[in-house]
Amino acid sequence: MGAIKHILLAAAVAMLTASCDLFDEDDITPDDTTPEETPADDPDPEAPEAEDDAFLTDEGGRVFSYVPAGDLLPTSGPGHADTTIYRPDIGFPLEDAAFLNSQVYRYGGSQGSINGMDGGQCHDSNYDYPWQDTFCESRSRNQIMCPDGGHEGVDIRAASCIPETGADHWAVAVEDGRIIAPSSSRYTVRLQSDDGTLYRYMHLKMDALAVSDGEVVSKGQRIGKVSNDFFNSSGERVPTTFHLHFEMYQNYAPDEETAPIFDQVSPYMTLVNAYEKKLRDGE
Amino acid sequence: MKNLLFAGIGLTLVFAGGVIAQTRSAEDGEALQQTLQEKAVRIPARPTATDASKEDQSRAARPLPRQPNWAEVRADLERTAGEDAQQQTSQQTLSRAQTRPVAPPPGLRALTANRLANVERAEVDRVLIPLLLPAHPDIRDKLKVYGMENVYTATAAIDENASLSITGTCNRVIGGDPRVVEFRKRLAEKPRRLSGTGAEYHISRNDYGVDLSFSKFGCGYVMNIECGNPADDQRCAADAYVGSLAESMLLANPERAGGQ
């Protein structure tokens, strides 16, 4: 009886632990790099429909679209509806096409199954529009804008699934600024602009950065390659998908009288705006 | 003991049931993707200039360049200088044995950049705003400053498992989405205050550690502790460590305040 009791208690503890892990960062399934989880759709031999001509497309002819800010996947948290464009003039942080969506609650993520999205990270729909917001997606930690626990940036997949294609996809400076102490972090590069915005680029290939400590960089200059670098203090790799986690800090105040709080704001609509400019003007 | 056993079984079944209930089929996933596509916003290839301009203006936050309140800086320095003089007198009266301060006293004190071991003077000279650094002796001589006119960042490796950075600027961004404006106003109604410097502050946790954001002298600062294991390392998991660092600050460019 004692043995049975221990087994049941252990099972209960394991269940509890698993439920807590629901909120871990960018956790992925063990078979995340399996490319053949879902067969690719047959290529459409026909020309794009006439309706598509009316909408903005990327260089591959796909119509760009995005789910409204704060509208997250089911069971992935309340989100944070923020349509603010904090930096109207910044560029997009990747050189090529890109796809904002969840690394946790979609194909290849540890919680994909609760949305019927079992499969590897290279699933076609992860690399297609529409974009979806992931700011304040459920996490166990509290952030000022996500008081019930939330993801403090957005996650961006590159133009192709790197484990499958082996392609290099470059992250670039979104505006003129200075690179801050990349060697002081195992998986983060910071960019500081002169008017006080701070950006964090996470999970780049840290042993092959294109910038150096303190370097002054220009908008569009290459910083590093999108990868999945994520390490604990022992230097052990923490599993995550291939993506850029992008954060934006602003010294924000609601009005001229209120004291500012310098913290992370939702970059989602700022990036929609930057991507629109990139597609429209080639910025 | 039997009750505990039943509770364990019940808990297990509840969680097992929850996991099963939450699992969806591949068809559900495809349907969800279809739903996302249906509610997605597409952007006209040729928007009218007036429509785009109106929409952008309503959603855009507004930059607000601000100058620091140097008079407040001077007042803080004078106050702590007075406290230090009083403390020194008391110490001399009580004992002359203690020659090495254990922890920095709370508040703001001036320390010129050439007394900071790892700071380049030119980086400090570029900065036109109050350049605040944590005063803790274990950190201050490891700090490296990256200065620009309106913003600076200082970084230091605390040890092999944790690092610190602090960024400051007086420029602000205001406005934007009315829902966010209201949310932020509610936040501002209940600030916590650092007892050492009197600054309003908020604490956030993130993937890599903890942020303490504080406003002082009309400017905003964010101090970040990054830990290799943020959930287990008390310097990131609890508020005490980052809070204690923010209680005692150094002003590395006191000449900007005048009279120092």
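Computed from a prediction, not measured in an experiment: that's the story for all the values here.

1. Focus on the overall build of chain B
Helix and strand counts for chain B stand at nine helices and 13 strands. Taken across its 260 residues, chain B has 45% of its residues classed as buried. For chain B, the share of sequence-separated contacts (at least 6 apart) that also reach a separation of at least 24 residues comes to 59%. Accessible surface, chain B as shown: approximately 13300 Å² in total, 52% of it carbon and sulfur.

2. Structural notes on the environment of B:Leu64
Positionally, B:Leu64 belongs in strand 2 (residues 62–64). On the basis of relative accessible area, B:Leu64 is assigned to the buried category, the value being 12%.

3. Regarding the pattern of salt bridges
Two side chains of opposite charge can pair, provided their charged atoms sit close to one another. Taken as a whole and assessed by the stated rule, the structure comprises 28 salt bridges over all chains. A salt bridge links A:Asp58 to A:Arg62; the shortest N-O distance between them is 3.1 Å. You can call A:Arg62 partly exposed: its relative accessible area is 31%. Among the ionic pairs, A:Asp71 bridges to B:Lys39, the shortest N-O distance being 3.0 Å. Here the residue A:Asp71 occupies a position in the loop between strand 1 (65–66) and strand 2 (99–100), and B:Lys39 occupies one in helix 2 (residues 26–39), the pair thus bridging two chains. Given the relative accessible area of 34%, B:Lys39 is considered partly exposed. Residues joined by salt bridges that share partners form a network here, namely A:Arg87, A:Glu175 and A:Asp195.

4. A word on the state of the cysteines
Tallied over the full model, the rule gives four disulfides over all chains. The residue that forms a disulfide with A:Cys122 is A:Cys161, at a sulfur-sulfur distance of 2.0 Å. Here the S-S torsion is close to -65 degrees, and the disulfide linking A:Cys122 with A:Cys161 is therefore left-handed. Placement of A:Cys122 in the loop between strand 2 and strand 3 (154–157) and of A:Cys161 in the loop between strand 3 and helix 2 (162–165) is noted, with a sequence separation of 39 residues between them. Paired through a disulfide, B:Cys170 and B:Cys219 show a sulfur-sulfur distance of 2.0 Å. Since a negative S-S torsion denotes a left-handed disulfide, the B:Cys170-B:Cys219 link at about 70 degrees is right-handed. With B:Cys170 in the loop between strand 7 (162–169) and strand 8 (172–174) and B:Cys219 in strand 12 (residues 219–227), this residue pair connects regions lying 49 residues apart in the sequence. You'll find B:Cys170 and B:Cys219 in the same group, each marked buried. By sequence order of its bonded cysteines, chain B has the disulfide arrangement 1-2, 3-4.

5. What to know about the confidence of the model for chain A
Low pLDDT marks regions whose predicted coordinates should not be analysed in detail. All names here are of chain A. When pLDDT is averaged across chain A, the result is 85; 81% of the residues are at 70 or more. Long-range and interchain partners of residues 1–25, a stretch whose pLDDT sits below 50, account for 38 contacts in this model, where long-range means more than four residues apart. Under a pLDDT of 50 for its full length, residues 30–43 has, in the predicted model, 17 contacts with residues more than four places off or in other chains.

6. Let's talk about helix 7 (residues 178–188) of chain B
Residues spaced three or four apart along an α-helix face the same direction, because each turn holds 3.6 residues. Among the residues of helix 7 of chain B, B:Val180, B:Val181, B:Phe183, B:Arg184 and B:Leu187 are the ones counted as buried. Looking straight down helix 7 of chain B, one finds that the buried residues subtend no more than 165 degrees of arc, so they occupy a single side. Where helix 7 of chain B is buried, its residues contact strand 10 (244–253) and strand 11 (261–265) of chain A together with strand 10 (200–206) of chain B.

7. Quick look at the pairing of strand 13 (residues 248–251) of chain B
Residues and elements named next belong to chain B. Every second residue of strand 13 is oriented toward a common face, with Ser248 and Leu250 on one face and Met249 and Leu251 on the other, all of them buried. The sheet contact formed by strand 3 (residues 107–110) and strand 13 spans four bridges and is parallel. Bridge pairing in strand 13 places Gly107 opposite Ser248. Strand direction decides the pairing type here: strand 4 (residues 132–134) and strand 13, joined by three bridges, are antiparallel. Each bridged residue has a counterpart across the sheet, and for Pro134 the counterpart in strand 13 is Met249.

8. Brief notes about the environment of A:Gly235
All names here are of chain A. One can find Gly235 in the loop between strand 9 (222–225) and strand 10. A relative accessible area of 40% means that Gly235 is categorised as partly exposed. Expressed as a C-alpha distance, the spacing of Gly235 and Val67, which sit 168 residues apart in the sequence, is 37 Å.

9. Points about the sheet that holds strand 6 (residues 151–159) of chain B
Residues and elements named next belong to chain B. With antiparallel pairing, the seven strands of this open sheet are ordered in space as 5-6-7-12-11-10-9. Strands with a single pairing partner mark the edges of an open sheet, and in this sheet they are strand 5 (144–147) and strand 9 (192–193). Against the sheet, helix 9 (residues 240–247) makes contact with strand 6, strand 7, strand 10, strand 11 (209–216) and strand 12, and its axis sits at roughly 140 degrees relative to strand 12, the strand it touches most.

10. So, the sheet that holds strand 3 of chain B
All names here are of chain B. Pairing within the open sheet is mixed, and its three strands lie in the order 3-13-4. For this open sheet the edge positions go to strand 3 and strand 4, each flanked by a neighbour on one side alone. On average, each strand axis in the sheet is tilted by 35 degrees relative to the strand beside it, whichever way the strands run. Along the sheet face, helix 9 touches strand 3, strand 4 and strand 13 and points at about 40 degrees away from the line of strand 13.

Quick notes on the rules
- Starting from 1, residues in each chain are numbered consecutively following that chain's sequence as written.
- Labels are handed out in written order, letters beginning with A for the chains and numbers beginning with 1 for the ligands.
- The model is predicted, so local features are restricted to residues of pLDDT at least 70 and side-chain atom pairs to those at 80 or more, both for listing and for counting; the totals for chains, interfaces and linings are taken over all residues.
- Hydrogens are left out, water is left out, and the side-chain values use all remaining heavy atoms of the structure.
- A run of H or I in DSSP becomes a helix once it reaches four residues, and a run of E becomes a strand once it reaches two; helices and strands are each numbered from the N terminus.
- Only protein chains enter the area calculation, which uses a 1.4 Å probe; residues under 20% of their type maximum are buried, those over 50% are exposed, and those in between are partly exposed.
- Should any heavy atoms of two residues lie within 4.5 Å, those residues are counted as being in contact.
- Reported accessibility uses the Shrake-Rupley method at a 1.4 Å probe radius. Residues are deemed covered only where the shown protein chains occlude them.
- Here a salt bridge means any side-chain nitrogen of Lys or Arg lying within 4 Å of a carboxyl oxygen belonging to Asp or Glu.
- The disulfide criterion is simple: two cysteine sulfur atoms within 2.5 Å.
- pLDDT gives the predictor's per-residue confidence on a scale running from 0 to 100.
- Starting at the helix axis, one direction is taken to each C-beta atom, and the arc is that of these directions.
- In short, DSSP must find at least two bridges between two strands for them to pair.
- The convention used is that axes are lines fitted to C-alpha atoms, helices contributing only their stretch in contact, and that angles between N-to-C directions extend from 0 to 180 degrees.

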